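Listed below, chain by chain, are the residues.
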There are 2 protein chains.
Amino acid sequence: MIRNEQYHQFLRQCGLKVTSTRLLVLDVLMSSSTALSHGDILGKTRGSRLDKVTLYRTLDTFIRHGIVHKVASEDRNWLYALHPIDRNNSVVRGDHAHFICDHCERIYCLPLQTRNSMPAPESEEGFIVRAHEFRLHGICPQCH
Amino acid sequence: MIRNEQYHQFLRQCGLKVTSTRLLVLDVLMSSSTALSHGDILGKTRGSRLDKVTLYRTLDTFIRHGIVHKVASEDRNWLYALHPIDRNNSVVRGDHAHFICDHCERIYCLPLQTRNSMPAPESEEGFIVRAHEFRLHGICPQCH
DNA sequence: ACCAAAATTGCAACAAAGTTGCAATAAATG
DNA sequence: CATTTATTGCAACTTTGTTGCAATTTTGGT
Ligand SMILES: [Mn+2]
Ligand SMILES: [Mn+2]
Ligand SMILES: [Zn+2]
Ligand SMILES: [Zn+2]
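Since the model is a prediction, treat every value here as computed from it, not as a measurement.

### Considering the side chain of R135(A)
Then, in step 1: If you trace the backbone, R135(A) turns up in strand β6 (residues 128-139).
Then, in step 2: The buried category is assigned to R135(A), whose relative accessible area is 0%.
Then, in step 3: A polar contact of 3.1 Å, which involves the side chain of R135(A), links it to the side chain of E133(A).
Then, in step 4: When neighbours within four sequence positions are excluded, R135(A) is seen to be in contact with V71(A), A72(A), S73(A), E74(A), H98(A), I100(A), A131(B), H132(B), E133(B) and R135(B).

See the structure below:
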């Protein structure tokens, strides 16, 4: 695998030890265009006896190191995804949209087009906004 | 209770039978400025031997009848809330923001100020947007 | 190539949130 | 007040995620 060497470098850059679990999970996440649940990932790693607890911990480590973020899905569990990449191929760590397909339930991370026109809630009520998540519902390209 | 008569009428208007459970749950939801978890609601009804399954079913009924909506919380369980009311005291059934306090974890339903300027994701990619949820993170009025 | 320290992993047991089937109970209608 | 129909409570179960601990693996230095 030629990719493994890249992942190896990448993990070291993040200050993480390189383990087969981490290389495996990184590859699964890299290969997906949508956010994946713990169960999805475990399913895609059958054959490599990866324990569910280890996977939870690996994902958590990735989150703590800013490699991955998680999104609450509509059916009350977490989906994990790498940070999305915008048109200039640069990683978007901050605000981006989550598109939830009402047909297949897949969740996509999409960079936002109009960065400047964010709707704000009624302002005088004393809510201090620090970050936001924009969730879009509809039909994804795969489903029409 | 003078409120009970109003709730009674309201439930009948929705085509629902009036039961003590429904009156109770409706009152709890009406009395809260934030979205409540199943556990929160159960906690506020101690004394009235309300079963957890009955509460789940009652909330589900309210959702199916458009009385209540649910929001995925940061700790992966559902929060339930009546639809918010805007400045003109009219019920907002569609888009509104969810403000999540990073300090107390409470979730508030807030009507949006600028209805017209919604950020859209990259358009040509074939995503058909039908609805959206705007989630704001920050500090709520109670916490500063 | 080998060693020691520190981090990672697998296993078992556990906890919390939510669901299902079914019998008992309560609400609405005439 | 009797009948029909929806609602409720209970027990058992599923799914998702967590905790403690011992065994294994990684890494940096010899
Ligand atoms: Mn995302
Ligand atoms: Mn809401
Ligand atoms: Zn789809
Ligand atoms: Zn707060």
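### Structural notes on the pairing of strand β3 (residues 78-82) of chain A
All names here are of chain A.
Then, in step 1: The element β3 is largely enclosed, with a buried count of five among its five residues.
Then, in step 2: In β3, alternate side chains face the same way, and those of W78, Y80 and L82 on one face and L79 and A81 on the other are all buried.
Then, in step 3: Sheet topology note: the strand β2 (residues 68-72)/β3 ladder contains five bridges and is antiparallel. When the bridges of β3 are listed, K70 appears paired with Y80.
Then, in step 4: Connecting β2 to the next strand, β3, in antiparallel fashion are five residues, including R76 with a positive phi near 50°.

### Regarding the protein's contact with DNA strand C
Then, in step 1: Around DNA strand C, a shell composed of 22 residues is seen, among which T19(A), R22(A), T54(A), R57(A) and K52(B) lie nearest.
Then, in step 2: For DNA strand C, the backbone makes up 66% of the atoms found within 4 Å of the protein, where backbone means sugar plus phosphate.
Then, in step 3: Side-chain polar atom of Y56(B) to a phosphate oxygen of DNA strand C: 3.0 Å apart, as the coordinates give it.
Then, in step 4: W78(B) has a polar backbone atom sitting 3.2 Å from a phosphate oxygen of DNA strand C.
Then, in step 5: For the surface near DNA strand C, the secondary-structure elements that each account for two or more residues are α2 (20-30) and α4 (52-64) of chain A together with α4 (52-64) of chain B.
Then, in step 6: Grouping the constituent residues of the surface near DNA strand C by class yields six nonpolar, six polar and ten charged.

### What to know about the coordination of the zinc ion (ligand 4)
All names here are of chain B.
Then, in step 1: Around the zinc ion (ligand 4), the donor atoms from the protein are C101 (SG), C104 (SG), C140 (SG) and C143 (SG), and they sit 2.2 to 2.4 Å away.
Then, in step 2: Coordination at the zinc ion (ligand 4) comes from four donor atoms whose angles at the metal span 106 to 113°, giving a geometry best classed as tetrahedral.
Then, in step 3: Between the donor residues of the zinc ion (ligand 4), the gaps in sequence give the motif C-x2-C-x35-C-x2-C. Within this pair, whereas C101 is found in strand β4 (residues 97-101), its partner C143 is found in the segment after β6 (128-139), the two being separated by 42 residues in sequence.
Then, in step 4: Judged by relative accessible area, which is 0%, C101 ranks as buried.
Then, in step 5: C143 sits in the partly exposed class, given a relative accessible area of 23%.

### Concerning the coordination of the manganese ion (ligand 1)
Six octahedral donors around a metal ideally subtend angles of 90 or 180 degrees, whereas four tetrahedral donors ideally subtend 109.5 degrees.
Residues and elements named next belong to chain A.
Then, in step 1: The protein atoms that coordinate the manganese ion (ligand 1) are H69 (NE2), H96 (NE2), H98 (NE2) and C109 (SG), at distances spanning 1.9 to 2.3 Å.
Then, in step 2: Positions of the donor residues of the manganese ion (ligand 1) along the chain correspond to the pattern H-x26-H-x1-H-x10-C. Highlighted residues: H69 in strand β2 and H96 in the loop between β3 and β4 (97-101), separated in sequence by 27 residues.
Then, in step 3: Taking relative accessible area as the criterion, H96 reaches 6% and is therefore assigned buried.

### Comments concerning the nonpolar core
A general feature of soluble globular proteins is that nonpolar side chains tend to end up buried together.
Then, in step 1: L29(A), F62(A), L29(B) and F62(B) are the most contacted members of the largest nonpolar core, which has 40 residues in total.
Then, in step 2: Here L29(B) is in contact with L36(B), I41(B), L59(B), F62(B), V68(B), Y80(B) and L82(B), once residues within four sequence places are set aside.

### Topic: the sheet that holds β4(A)
Then, in step 1: Reading across the sheet, the six strands line up as β5(A)-β4(A)-β6(A)-β6(B)-β4(B)-β5(B) and stay open at both edges, with mixed pairing between neighbours. Two strands close off the open sheet at either side, each with one partner strand: β5 (107-110) of chain A together with β5 (107-110) of chain B. Direction aside, neighbouring strands of the sheet carry axes that sit 25° apart on average.

### Observations regarding the pattern of salt bridges
Then, in step 1: For the coordinates displayed, the defined rule picks out eight salt bridges over all chains.
Then, in step 2: Linking R135(A) and E74(A) is a salt bridge whose minimum nitrogen-to-oxygen distance equals 2.8 Å. Residue R135(A) is located in strand β6, and its partner E74(A) is located in the loop between β2 and β3; the two are separated by 61 residues in the primary sequence.
Then, in step 3: Residue class for E74(A) comes out partly exposed when judged on its relative accessible area of 29%.
Then, in step 4: Residues participating in the shared-partner salt-bridge network are E74(A), E133(A), R135(A), E74(B), E133(B) and R135(B).

Thresholds applied
Residues numbered from 1 in each chain as written. Chains lettered and ligands numbered in written order. Predicted model: local features only at pLDDT ≥ 70, side-chain atom pairs only at ≥ 80, totals over all residues. Heavy atoms only, no water. Helix = DSSP H or I, 4+ residues; strand = E, 2+ residues; numbered from the N terminus. Buried < 20%, exposed > 50% of the residue type's maximum accessible area, 1.4 Å probe, protein only. Polar contact = N/O pair within 3.5 Å; in protein donor to acceptor, adjacent residues only side chain to side chain. Contact = heavy atoms within 4.5 Å. Pairing = 2+ DSSP bridges. Near = heavy atom within 4 Å. Nonpolar A, V, L, I, M, F, W, Y, C, P; charged D, E, K, R; others polar. Donors = N, O, S within 2.8 Å, 3.2 Å for Na, K, Ca; no water. Tetrahedral: all angles 85-135°; square planar, octahedral: opposite > 155°, others 65-115°. Core = buried A, V, L, I, M, F, W, Y, C linked by side-chain atoms within 4.5 Å. Axes fitted to C-alpha atoms, helices over the stretch in contact; angles between N-to-C directions. Salt bridge = Lys/Arg side-chain N within 4 Å of Asp/Glu carboxyl O.

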